[in-house]
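The residues making up each chain are set out below.
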Amino acid sequence: LREIPAPGKPYGLAMFGSELRAVVSIGADDDRYFFRFDPGTGFDLSSKTPCPDFTGSHLAANGTTLYLAQMGNRRLLVLDGAYNIQREVPLPTRIGGLGFASGGLYVISADEEWENLHFSSLNGDAEHPQVSEIASIPFDARALTFDGSAWWTSHREASEIVSFTP
């Protein structure tokens, strides 16, 4: 319908309450920041808040909680609405997308070389978080969301959006 300029390179986007929250990379150092985003007015530049350690890419929300995947740090941060860290979840794999369905957290998981991608469930509440592979993904997928009946991701090299059911 329309394009809205971003204050940098957008990475993650999640619906949080009645608004969107975005992760945006800014500057030569690729520092990451949170922004509020309103489709009618665009990015709220006054809401710019540094991501923990200035890193993070994929973002998901579940009610009043935000989840930020930090692929390089191999961790998932559980945040409140003011971006305060409530919990840090160490990950046994790299994460290239995350989303919720039926109360569970699902991820795109990959090895260190970003090969062998899988659609997986993540038990992040456990003392030792476990990633359980559900299905192999045969392309370089990034981002993940569920629309109530199917999952969606992107195939970056092909410039495509892909829908699937496991």
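Source: prediction; values computed, not measured. (Residues numbered from 1 in each chain as written. Predicted model: local features only at pLDDT ≥ 70, side-chain atom pairs only at ≥ 80, totals over all residues. Heavy atoms only, no water.)

1. Details of the packing of aromatic side chains
Item 1. Counted under the stated rule, the structure contains 10 aromatic pairs.
Item 2. Between the aromatic rings of Tyr-33 and Phe-54, the centroid separation amounts to 5.7 Å while the plane-to-plane angle is 70°, which identifies the pairing as edge-to-face. Note that Tyr-33 is positioned in strand S3 (residues 31-38) and Phe-54 in the loop between strand S4 (42-50) and strand S5 (58-62), a separation of 21 residues in sequence.
Item 3. Here Phe-35 and Phe-43 contribute two aromatic rings whose centre-to-centre distance is 6.1 Å and whose plane-to-plane angle is 85°, an arrangement assigned as edge-to-face.
Item 4. Accessibility expressed as a relative area gives 2% for Phe-35, which makes it buried.
Item 5. The structure contains a cluster of three or more aromatic residues connected by ring pairs, namely Tyr-106, Phe-119, Phe-146, Trp-151 and Phe-164.
Item 6. Above the face of the Tyr-11 ring, Arg-32 is positioned so that its terminal group lies 3.7 Å from the ring centre.
Item 7. Taking the ring centre of Tyr-33 as reference, the NZ or CZ of Lys-48 above it sits at 4.5 Å. (Phe/Tyr/Trp six-rings, centres within 6.5 Å; stacked < 30°, edge-to-face > 60°. Helix = DSSP H or I, 4+ residues; strand = E, 2+ residues; numbered from the N terminus. Buried < 20%, exposed > 50% of the residue type's maximum accessible area, 1.4 Å probe, protein only. Lys NZ or Arg CZ within 6 Å of the ring centre and 35° of its normal.)

2. Topic: the nonpolar core
Item 1. Core analysis: the largest hydrophobic core is formed by 14 residues, its most contacted members being Leu-76, Leu-98 and Leu-122.
Item 2. Top element by residues in this core is strand S9 (residues 94-101). It accounts for 3 residues.
Item 3. Not counting chain neighbours up to four residues away, the residues in contact with Leu-122 comprise Leu-76, Leu-91, Leu-105, Val-107, Pro-129, Gln-130 and Val-131.
Item 4. By size, the runner-up hydrophobic cluster in this structure holds 13 residues, among which are Ala-101, Ala-141, Leu-144 and Trp-151. (Core = buried A, V, L, I, M, F, W, Y, C linked by side-chain atoms within 4.5 Å. Contact = heavy atoms within 4.5 Å.)

3. A few points about unusual backbone geometry
Item 1. One non-glycine residue, Asp-30, adopts positive backbone phi at about 60°.
Item 2. Counting through the fold element by element, Asp-30 comes out in the loop between strand S2 (19-26) and S3.

4. So, the pairing of strand S11 (residues 117-123)
As a general feature of sheets, a regular strand has side chains that alternate between the two faces.
Item 1. Counting buried residues along S11, 5 of its 7 residues qualify, which places the element largely inside the surrounding structure.
Item 2. When strand S10 (residues 104-110) meets S11, the two strands line up antiparallel, connected through 5 bridges. Among the inter-strand pairings, Tyr-106 is bridged to a residue of S11, identified as Ser-121.
Item 3. Adjacent in sequence and paired antiparallel, S10 and S11 are bridged by 6 residues, among which Trp-114 carries a positive phi angle near 60°.
Item 4. Two strands pair when backbone bridges link them, and S11 and strand S12 (residues 130-137) are joined in this way by 7 bridges, in the antiparallel orientation. Bridging across to S12, Ser-121 finds its partner in Ser-132. (Pairing = 2+ DSSP bridges.)

Any functional reading would require information that these geometric values do not contain.
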